[in-house]
Structure formats: structure tokens, C-alpha cells
Amino acid sequence: MDAILDRRLFLSASLAAGGALMFRLAPADAAETGVPVPIGTFVRIAPDNAVTIIAKNPEIGQGVRTMLPMLIAEELDVDWAQVTIEQAHADAKLYGLQIAGGSTATPANWLPMRRAGAAARAMIVQAAAAEWGVPAERLKTASGAVLDPVTGKRATYGALAAAAAKQPAPDLAKVPLKAAQDFKIIGKPIRNVDTPRIVAGAPLYALDVRLPGMLYAAVEMCGTFGAKLKAADLDAARRQPGVRHVLKLDGVGDAEAMSDAVAIVGDSWWQANRARAALNCQWDHGAAGAVSSESYAALAEAAFKAGPRKPVAKIGDPAAAFAGAAKTVEARYAYPFLAHATMEPQNCTALYRADGTLEIWSSTQRPEGGRDLIAKHLGVPKDKVRINLLRAGGGFGRRLMNDYMVQAAAIAKQLPGTPVQLIYSREDDLRRDFYRPGGWHQLKAAIDGQGRLAALSNHFVSFGQGDSFGKGADLDDTEFPAGLGPAIDYGATVLDTHVPTGWLRAPGSNALAFAYQSFLDEVAHAAGKTLPALTLELLGAPRVLPQRPPFDTGRAAAVVRHVVAMSKFDSYRQGQGRGLGFAFYFSHLGYIAEVVELHVGGDEGLRVPRVWVAADVGAHIINPLGARAQAEGSVIEGLGHALDGLAVTLGEGAVQQANFDAYPLPRITRTPEIAIDFVPSDNPPTGLGEPVLPPVIPACINALYAATGARVRSLPVDRTVFARA
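Here is a short report on the structure shown in this document. (Residues numbered from 1 in each chain as written. Predicted model: local features only at pLDDT ≥ 70, side-chain atom pairs only at ≥ 80, totals over all residues. Heavy atoms only, no water.)

### Let's talk about the layout of surface pockets
Here's step 1: Approximately 540 Å³ is the volume attributed to the second largest pocket.
Here's step 2: Around the second largest pocket sit 25 residues that line it, and Asp476, Thr478, Glu479, Ser509 and Phe586 are the ones nearest its centre.
Here's step 3: Taken together, the residues of the lining of the second largest pocket sort by class into 14 nonpolar, seven polar and four charged. (1 Å grid on protein atoms, 1.4 Å probe; cavity = no way out; pocket = protein on both sides within 12 Å on 5 of 7 lines; lining within 4 Å. Points joined across faces, edges and corners; volume = space filled by probe spheres on them. Nonpolar A, V, L, I, M, F, W, Y, C, P; charged D, E, K, R; others polar.)

Pasting the structure below:
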């Protein structure tokens, strides 16, 4: 069917550099053949009026396979009940940017997807006008049909589709879009299109792929990143039951491409994985074998003594502000490396054919990145690589890295004509990740005689290479409260690391919010006020700071005031084992303020019964059901960062945690009641997959201080300290 549709596709669309969706006209032969007629790249309409809408982006649980088609369906003016969703394969030329990351799907596609639907609708209306000999302007549409209010004529989209496909494509920049008051789909809570199949256990995920003659692969990799394979007993592994092939994989590029490994390919993954024990691999660990969490902590301590190696931000005269301060506050904050720990471990199925083409079935978040790596390191031309996008059982940034795709392709290339499914064990997944980098902050604040924050300095120490931060370790010159009045002095030291770092949900922000918002809570108490009051004082009058991206103090203040009112923060009786903590953060274009209620005591030591969230992510919540799910998931994950013992530690250059017994994810029994209010503003909608996560972490830590008077400055919190004796 895909081949048929490709031949018949007469309109294609792409996202230009500026984000505009463009139609290209090509020959059409889709006359009345009975097959669904493509009208543009994203819409097909069948004679029975069934509508198929293409979902272009990878689905990793964020609901984008439902949300993006909703935008198209709204402007197409069809009923959601007549829509079927089809997942696109990876093709940037046809579909534009296809990525799951940075909460970009909503802001990048809000107008392009609506325009795609509106353009298809305009062509259908024009076809009806031509057939009926009437002006197109007087025709109306509703529920997948065109109506002439003057003559009473009515025709379904299905009846008009073939004629519509022959109409000239409209100028997408000028195609009329619906007014918000006319929305029938946008803003309505719509169930995720995959939910029924997920509940039924139907095959949806990359791990569910089954192909005729498929074999399964497990890979043996060294726990020390960058280690070189010296020797392995390949013959012993070949003699194990069910083993078909044992292949050496030579490292190419960095960890994102492929490290040295041995692949065992067998009739079942269980047999292949079991045979790894016979390899008896010997590794050259190199200098990385001496690295540990303790050695990194010592390097950070030395960095603080030496001072920052590079400037990040200098605003005003910090030295003068500190010299004239009525009071100063100093504290050091720290947080560990974190793993992504997706429920579905990394996996990929690959088939290399005799004609030199490679077909991939993967749940990647960044398919074009995988295609680039395969072309660069394995010598397969990009145009010979087809990537089928499958639903991911979690991503959180891990699947932005395509090392597992390159490995699967490398194995398949050595076994032409045989589909091979590579699966990581849970231990592989935790010990061969791209980790959220740990970091340390030496913070100092100056408070003037009027109790105002006069200056803030920070020496930030984290990981990367040379003077360049690694992925997810950035600190820039806009970090709150930069630009809001206080003098600022941010500097940094980058520690070289062999540990690959990567983007974890709300990258950078998930760590920086903890350090900055927890420390500002200390500053607020030293100044005799609450953190919400200090935040509003810093925000001042409504204005837009010309930073990247622009920061609107009025929007920020609105969510602060809203969550304070939601939680009754100012009237809560703090202390004696119970407390409310507040935090505000701006990330991924979202303005988020949160309050956490925390109780101390009991067998677990700490309990969070309630969390309040006020979020401004623009004027429209496209799918309230999905939006709330994203916000709730962010809160739960953020509480896990703070309270559930999540930390990756290193010993002899390798990650020490191997499974969920040592890396305990949040449990449903600890999930609090979560109240979410969306605070609308007159701005285009933005993403929700990430911005709600960062502030819940410091709000939790600030609540712990309010309940106990104890400041926790290093994550994760040790619950046992607070458990009932």
C-alpha cells in the first residue's frame, strides 16, 4: 500500500527553514480507483468518507500521534470519529523535521499542521464549487461534507476527493484558518488513539516487531565507556544452544555511534543473551578505569578552590553589591548523574538486503540523526536507508541518541537478507546510557539594607570536554534571575569525562532549577520573606526581556500568584513535620509555578500528599487530556529525582547501578494528588512534555525545609533520615 500511495502522491509538503509548510505539485493519476485519495501529504480520503491523517513525529508517550492530527482534522473540518491515524516513516524531505525532543512539536507545528488541513479543505470546497457552478466563497463545510446553503446541495468529502486532488494547491500563507471560537476538536479532551491497543496488549512498540526469519541479537559491552576489546572466546559462545552467529563490532566514532562490542545472534533473545557468559571478554579500560564518583567530587572541590575557568554571565557590578551588602548567603548544591531508565529498553530491528538497501524498525526520537550515523560510519548511503517509526515505551531524551540503531545496522550488514532484532537487557540499558550530567554549584547572594536581592554569583562545575559543556550540562547567561535587576556573576568549570552525557527530560533545567530555586528560597528566608514574594519582587512590572527566548515577567507573575492562591500558600501553617514549598521556572517556553505539600514521618520518612501546578503554555491547550497527563507525569518524575534515591554512581570507570533494585523509579503508591490549572495568555501554544518537571524538585526540597528546618542541598534526599524510628 505504501508503494501505491507513493506513486499516487501528487502533493507533498515540507517544512522550510522558516517553518512554513509548502506544497509541491506533481502529476496525479488518482482518478476514481476506489483507493483513498491523497490531498496533500498528510490527508487521504476514501470514497466512503473515511479520513486518514498522517502523524509525522515520533511517538514516545507524549501523545503527539493524537495531538498533531487533531490540528489537521480541526481545519479539515471533519468529525474525529471518522479519522484514522497512520504513523509516517522517517522522511524529512516529505514531512519536514521529525523529532521528539525539546517540547517543540506544538510550537513548531501549530500553524503548519493547521494549514495542511485548511489547504485540503479549500481544495475540496473548490472542487464542489466547480462541479456545482457556484462561488466557492458561499459554500460551507461540516463533519466532512460540503454544503451549499442557497441550493441545499450536499456532498461528502469522499465523493469530492478525486476532483479535489486535481485542484491547484492554495497559498498556505494565505489559506484561511478557523477562529478559536469555532474550534470543535482543538481544546477538547480526546483519548490517545493508541490507548485501546495498549490496554489490550496489542503489538505497537519497536520491541513488538516480528518479521519472517528474524533472529535476535544481544551485545556484550564493557561497563567502562571507551574500553577496547582485547580478547574474547567467540568459539565458546558459538557452541551455546540456539546461537547462529557471533560477530565482533569494532568501535567507530564516539559512544553515540558504536563502541567495541561482541554481538551474539540467535534463535531467541534469551538464548543469545545467555550465551554472553561464555565470551569471557578481556578489556583494556585505559585511564577511564580509575574514575569514580569520589574522584569527580575531588576534582570539583579543587575547581572551587581554583575559581571558574570560564565566564558565563556578568551583569552590573557584583563586587560592589557584595561589598555593600547588609547580609550575604552562601551555599553549595550538588546533584548526581541520572539515567533515563525507559520502561522499554533500547532495541532496533534491521534488515540489510542484497541490493544494498537497509530497512530499520526503531523507536528513535531523532531518526535523521540515526540515518546520518549509519551513512557516516557504515557506508550505507542515506537514500538507501528506510526508517520505520514505531511507538516507544518511553524516551525522555535517551532515544535522541541512536547508538542502538547503528549497532543493529552493523549486525544486519554482516548478515544480508536476515532481519535481526537487537535488544538491550535492563543492565545494558542502565549501564550504557547517555546520562544527565551531575553538577555542583557554589552560590552566593547579597541582600541590601531594604531586604532586596542585590547580587547573585555562581561557580558552576559540571562535565564535558575542554571548555565545552556536555549535552544537558549547559548554564547560560539568562538563568533566572539574570536580567531582572540584581548584579550577576556566573562562571563555570568543565570537568573532562569519559562518561557520555545526554539530554534528559527538561535538559539543563531539571538540574539548574533545583540549585537556583532552592538557594533563592534560602535567600528569601534570610531577607524575611517567602520565595513567592521574592520572586514577584524580582519580576517587577510586566515587561518582556529581550533574551533568547524572550521572557515575559507578566506571564511569570501570573502563574506565581495563581499557584499561591490555589494552594493557600500564605495561610498554611508551616512546621512540625508539615510544609509547603514553592518554586517557579521558565523552560521550553512554558511559565510554570508549583507548590508541594510534604509530610515528615511514617515508615517511608517523607510523603507528598499534594502538588499544585499553575502553567502558562499559551492561549490553547490542544488536547486537555493529553496535556494533563504530561503535566502529571512530569510531577511524578520530578519527585522521583528528589525523593526516590535516583542516582548514578561510578566505580572503576563504570556505572554501578544495574537494575531497578539499585535505581528505584517512582511507585504508584507514592503518587500525590496533583491539581493542575492552565493559566491562558494571548500567545501561541507551546509544548508540555518538559517544562512542568523542573520546578517540582526545588518545591519539594523547599517544602522539606518548611516542615523540618533542615536544608537539603544534595540530591537525592535520604528518606531513611526522616523515617519513624
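### Focus: the side chain of glutamine 407
Here's step 1: Mapped onto the elements, glutamine 407 comes out in helix 12 (residues 403–413).
Here's step 2: Assessed through its relative accessible area of 2%, glutamine 407 is described here as buried.
Here's step 3: Of the polar contacts made by the side chain of glutamine 407, one reaches the side chain of tyrosine 424; its length is 2.7 Å.
Here's step 4: Residue contacts for glutamine 407: discarding those within four places in its chain leaves Val219, Met221, Met258, Ala261, Leu422 and Tyr424. (Helix = DSSP H or I, 4+ residues; strand = E, 2+ residues; numbered from the N terminus. Buried < 20%, exposed > 50% of the residue type's maximum accessible area, 1.4 Å probe, protein only. Polar contact = N/O pair within 3.5 Å; in protein donor to acceptor, adjacent residues only side chain to side chain. Contact = heavy atoms within 4.5 Å.)

### Describing the pattern of salt bridges
Here's step 1: On inspection of all chains with the given rule, the structure shows 32 salt bridges.
Here's step 2: Across the pair glutamate 359 and arginine 353 runs a salt bridge, and its minimum N-O distance is 2.9 Å.
Here's step 3: For glutamate 359, a relative accessible area of 13% gives the class buried.
Here's step 4: Among the salt bridges present, the one from glutamate 637 reaches arginine 505, with a minimum N-O distance of 2.9 Å. Here glutamate 637, found in helix 17 (residues 624–643), pairs with arginine 505, found in the loop between strand 24 (487–496) and helix 14 (509–526); they are 132 residues apart in sequence, far enough to count as distant. Side by side, glutamate 637 and arginine 505 carry an identical accessibility label, which is buried.
Here's step 5: Each of the salt bridges in this network shares a partner with another, and the network as a whole consists of Glu604, Asp644, Arg670 and Arg719. (Salt bridge = Lys/Arg side-chain N within 4 Å of Asp/Glu carboxyl O.)

### Here we look at the pairing of strand 28 (residues 590–600)
Here's step 1: Of all eleven residues in strand 28, ten are buried, a share of seventy percent or more.
Here's step 2: Here ten bridges tie strand 27 (residues 578–587) to strand 28, and the two strands are oriented antiparallel to one another. Following the sheet pairing, glycine 579 is matched in strand 28 by leucine 598.
Here's step 3: In this structure, the hairpin formed by strand 27 and strand 28 is closed by a connection of two residues, where histidine 588 is found at a positive phi of approximately 50°.
Here's step 4: With nine bridges connecting them, strand 28 and strand 29 (residues 606–616) associate as antiparallel partners. The partner of histidine 599 across the bridge, within strand 29, is arginine 607. (Pairing = 2+ DSSP bridges.)

### Some details on the sheet that holds strand 7 (residues 140–142)
Here's step 1: Read across the sheet, three strands follow the order 7-8-9 without closing on themselves; strand pairing throughout is antiparallel. A single partner strand is all that each edge strand has here, and the edge strands are strand 7 and strand 9 (154–156). This sheet shows a mean twist of 25° between the axes of neighbouring strands, independent of strand direction.
Here's step 2: The pairing of strand 8 (residues 145–147) with strand 9 spans three bridges and is antiparallel. Within the sheet, the bridge partner assigned to leucine 147 lies in strand 9 and is arginine 154. (Axes fitted to C-alpha atoms, helices over the stretch in contact; angles between N-to-C directions.)

### Comments concerning the nonpolar core
Here's step 1: Counting residues in hydrophobic clusters, the biggest one holds 93 residues, and the most contacted among them are Phe551 and Phe584.
Here's step 2: Here this core takes ten residues from helix 14, the largest share from any one element.
Here's step 3: Those residues in contact with phenylalanine 584 that lie beyond four places of it in its chain are Phe480, Gln517, Thr535, Phe551, Ala556, Val559, Val560, Tyr591, Ile592, Ala593 and Pro695.
Here's step 4: Listed in part, the 51 residues of the second largest apolar core include Val37, Val83, Ala127 and Tyr157. (Core = buried A, V, L, I, M, F, W, Y, C linked by side-chain atoms within 4.5 Å.)

### With respect to empty space enclosed by the protein
Here's step 1: Applying the stated criterion across every chain yields a total of three cavities of 30 Å³ or more.
Here's step 2: Estimates place the volume of the largest cavity at around 80 Å³.
Here's step 3: Lining the largest cavity are Met221, Phe225, Ala255, Ala257, Met258, Ser259, Asp403, Gln407, Arg432, Asp433, Phe434 and Pro500.
Here's step 4: Of the residues assigned to the lining of the largest cavity, the class counts are seven nonpolar, two polar and three charged.
Here's step 5: Looking at the second largest cavity, its volume works out to about 50 Å³.
Here's step 6: The residue inventory of the lining of the second largest cavity, partitioned by class, reads eight nonpolar, two polar and one charged.

### Remarks on the packing of aromatic side chains
Here's step 1: Within this structure, the stated rule accounts for 18 aromatic pairs.
Here's step 2: Ring geometry for phenylalanine 460 against phenylalanine 469: centres 5.4 Å apart, planes inclined by 40°, an arrangement best described as tilted.
Here's step 3: For phenylalanine 460, a relative accessible area of 1% puts it in the buried group.
Here's step 4: We classify phenylalanine 469 as buried; its relative accessible area is 16%.
Here's step 5: Ring centres of phenylalanine 586 and tyrosine 591 lie 4.4 Å apart, and the angle between their planes is 35°; on these two criteria the pair is classed as tilted.
Here's step 6: Judged by its relative accessible area of 16%, phenylalanine 586 falls in the buried class.
Here's step 7: Three or more aromatic residues joined by ring pairs form one cluster here, namely Phe480, Phe551, Phe584, Phe586 and Tyr591.
Here's step 8: Stacked on the ring of tryptophan 110, the Lys or Arg arginine 114 has its end atom at 4.6 Å from the ring centre.
Here's step 9: The ring of tyrosine 705 carries arginine 711 above its face, with NZ or CZ at 3.7 Å from the centroid. (Phe/Tyr/Trp six-rings, centres within 6.5 Å; stacked < 30°, edge-to-face > 60°. Lys NZ or Arg CZ within 6 Å of the ring centre and 35° of its normal.)

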